[in-house]
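# Structural overview
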Amino acid sequence: MKPIRLPEPPGSPPSLGGVPDIFEGGVYGVIRRAVIIGNGYPATENQSIGLVRALGLTEKQTLYRVTRPRGGINEWLHWLPVSVHKKFYDIISLIYSYSRILMAGRGKKLVPLPTENGHSAGLSSVLEADVKNIVRMAKETSEKDGPLLVVASGRDTISIASSIRRLASESVFVVQIQHPRSRLDRFDMVIAPQHDYYPLTPRAQEQVPRFLRRYITPREPPDGHVVLTVGALHHVDSAALRSAANAWHDEFAPLPKPLLVVNIGGPTRYCRYSTDLAKQLINSLHNVVTSCGSVRISFSRRTPEKVSNVILKELGTHPKIYVWDGEEPNPHMGHLAWADAFIVTADSVSMLSEVCSTGKPVYVIGAERCSWKFVEFHKKLRERGLVRPFTGLEDVSD
């Protein structure tokens, strides 16, 4: 679309150098509203929400979601494109319905087909991401309200965001967060972490057999409309931390200091671990707990049950340690605001990006178990002095 000018983030000084290079060539309008295309996963949606928040558009945003059928066989179909997945599930559901009729006629019962289309996760209150509706809205309101900022994040949102730009290129500015792997020209801007370009480094090329290199993405270095970050975008800024500090004051203010918060994720393709890392964490925590006033431990929804069970068994009854039980409200923002130091497992870029933004000491456990581009990510954090490995020899009171 024609070059546009984004509003200055709240509290930022006026721009001294005019509009950024990517918006040069004249001012078409000022962005005053935004549409977020999400996929229902906080780690990806928070990146879009964080960008919109930083631009001062929180009160003028609308959240749409690309939803997949979930539960049962659907957990094995996430590799399919969303549209294909939904059609395939519709066919399975139709076959299942006919089977129920036939079985009922024979006096037999079938177990209900497991499904979760987002309603139990609160998705029923969020608009379904419909390309035609968003395009129509953008075109019909662009003259009055100016261009529409569309921010999307995650693999499932790529086809939606690119279609919106293709059909309404004069009325929208589309930002895709996380590398879309191919055809970056489908978007006005791509925001990706530096480690997504790890496959282009000499070290990565040495790890990939020559005949497989053509299949590894990205294949080209970032061009002028790609913005690189160290970690993941998020919505944890100073205002959010102040708000969380007030909201969680009664629970955290009385706790003995220093407060050490431990965030535990789960094994991924590039960071593999099991109860062995849990046992390493337990032993190291026993060494440092004497220098702590309080310790709070949280698991993510990716944490394997066997990992959480080991930690609960060994640390759940310790007088200084509290393990969050997973019940709402989630104390995550309170932890970010009130903690004096953090220990984080190496698997989550999002968790590490958030805790590093607080400016407090961050210790990482399990980085030596990571591979491929995660090695590059942890290297960048260490080079910037943002993290240190957790050894169990630390004095948290220092």
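Conventions and cut-offs
Residues numbered from 1 in each chain as written. Predicted model: local features only at pLDDT ≥ 70, side-chain atom pairs only at ≥ 80, totals over all residues. Heavy atoms only, no water. Disulfide = S-S within 2.5 Å. Helix = DSSP H or I, 4+ residues; strand = E, 2+ residues; numbered from the N terminus. Buried < 20%, exposed > 50% of the residue type's maximum accessible area, 1.4 Å probe, protein only. Pairing = 2+ DSSP bridges. Contact = heavy atoms within 4.5 Å. Axes fitted to C-alpha atoms, helices over the stretch in contact; angles between N-to-C directions. Bend = angle between axes of the 7 residues up to and from the residue. Polar contact = N/O pair within 3.5 Å; in protein donor to acceptor, adjacent residues only side chain to side chain. Right-handed = clockwise from strand over helix to strand, strands pointing away. Parallel < 35°, antiparallel > 145°, perpendicular 65-115°, else oblique. Left-handed = near helix turned anticlockwise from the far one by under 90°. Nonpolar A, V, L, I, M, F, W, Y, C, P; charged D, E, K, R; others polar. Core = buried A, V, L, I, M, F, W, Y, C linked by side-chain atoms within 4.5 Å.

### Thoughts on the state of the cysteines
Taken as a whole and assessed by the stated rule, the structure comprises 1 disulfide. Between Cys271 and Cys370 runs a disulfide, and the two sulfur atoms are separated by 2.0 Å. Because the torsion about its S-S bond is 105 degrees, the bridge between Cys271 and Cys370 counts as right-handed. Within this pair, whereas Cys271 is found in the loop between strand 8 (259-264) and helix 8 (275-288), its partner Cys370 is found in the loop between strand 12 (362-365) and helix 12 (373-383), the two being separated by 99 residues in sequence. With respect to burial, Cys271 and Cys370 carry one shared label: buried.

### Some words on the sheet that holds strand 4 (residues 148-153)
Spatially, 3-2-1-4-5-6-7 is the arrangement adopted by the 7 strands of the open sheet, whose pairing is parallel. The open sheet is flanked by strand 3 (127-128) and strand 7 (226-229), the only strands paired with a single partner. Where strand 1 (residues 34-38) meets strand 4, 4 bridges bridge the pair, whose relative direction is parallel. Residue pairing for strand 4: Val35 is matched across the bridge by Val150. Of the strands in this sheet, strand 1, strand 2 (61-65), strand 4, strand 5 (172-177) and strand 6 (189-193) are in contact with helix 1 (residues 42-54), which crosses strand 4 at around 150 degrees.

### Details of helix 3 (residues 131-145)
Largest kink in helix 3: about 30 degrees, centred on Lys139. Listed in full, the buried residues belonging to helix 3 are Val131, Ile134, Val135, Ala138 and Ser142. Of the surrounding secondary structure, the elements contacted by the buried residues of helix 3 are strand 1, strand 2, strand 4, helix 4 (158-167) and strand 5. By the N-cap criterion, in which a side-chain oxygen at the helix start approaches the backbone nitrogen of a residue two or three places on, helix 3 is capped by Asp130, the distance to Lys132 being 3.2 Å. Directly after helix 3, the chain includes Gly146, whose backbone phi takes a positive value near 85 degrees.

### Notes on the environment of Lys257
Assignment of secondary structure puts Lys257 in the loop between helix 7 (249-252) and strand 8. Once the C-alpha coordinates of Lys257 and Val396 are considered, the two residues, 139 residues apart in sequence, prove to be 9.7 Å apart. Sequence-distant contacts of Lys257, defined by excluding residues within four places in its chain, comprise Gly293, Trp338 and Asp340. A distance of 3.0 Å separates a polar side-chain atom of Lys257 from the backbone oxygen of Trp338.

### A look at the pairing of strand 7
Summarising the sheet, strand 6 and strand 7 pair through 4 bridges and their orientation is parallel. Pairing of Val190 across the sheet is with Val226, part of strand 7. Traced from strand 6 through helix 5 (residues 202-207) to strand 7, the parallel crossover comes out right-handed.

### Side note on the sheet that holds strand 9 (residues 294-299)
One open sheet accounts for 6 strands, arranged 10-9-8-11-12-13; its pairing is parallel. Two strands bound the open sheet, and with one partner strand each, they are strand 10 (321-323) and strand 13 (388-389). Set on the sheet, helix 9 (residues 305-315) makes contact with strand 8, strand 9 and strand 10; between it and strand 9 the angle comes to about 160 degrees. Of the strands in this sheet, strand 8, strand 11 (341-345) and strand 12 touch helix 11 (residues 349-356), which is tilted by about 170 degrees from strand 11.

### Details of unusual backbone geometry
Both trends apply: most residues other than glycine have a negative phi, and most peptide bonds are in trans. Residue Thr217 is joined to Pro218 through a cis peptide bond whose omega torsion reads 0 degrees. By the secondary structure assignment, Pro218 is in the loop between helix 5 and strand 7. With omega at 0 degrees, the peptide bond leading from Glu328 into Pro329 counts as cis. Among the secondary structure elements, Pro329 is positioned in the loop between strand 10 and helix 10 (332-338). A positive phi angle, near 55 degrees, is found at Trp372, a position not held by glycine.

### Description of the packing of helix 3 against helix 4
Any two packed helices are characterised by the angle at which their axes cross and by the distance between the axes. Contact geometry of helix 3 with helix 4 gives a least axis separation of 10 Å together with a crossing angle of 40 degrees. Relative to helix 4, the element helix 3 lies oblique. Where helix 3 crosses over helix 4, the two elements pack in a sense that is right-handed. Residue-level contacts link Val131, Ile134, Val135 and Lys139 of helix 3 to Ile160, Ser163, Ile164 and Leu167 of helix 4. Each residue belonging to the contact of helix 3 with helix 4 can be placed in one class, and the counts come to 6 nonpolar, 1 polar and 1 charged.

### What to know about the nonpolar core
Grouped together as the largest cluster of nonpolar side chains are 35 residues, with contacts concentrated most on Leu336, Phe342, Val344, Leu352 and Val362. Put simply, the parts of the chain that give this core at least two residues each are helix 6 (238-247), strand 8, helix 10, strand 11, helix 11, strand 12 and helix 12. With 5 residues, the top contributor of residues to this core is helix 11. Excluding anything up to four places from it in sequence, Phe342 contacts Leu260, Val261, His335, Leu336, Val355, Thr358, Lys360, Pro361, Val362 and Tyr363. Within the second largest apolar cluster, 26 residues are counted, among which are Leu285, Ile321, Val323 and Ile343.

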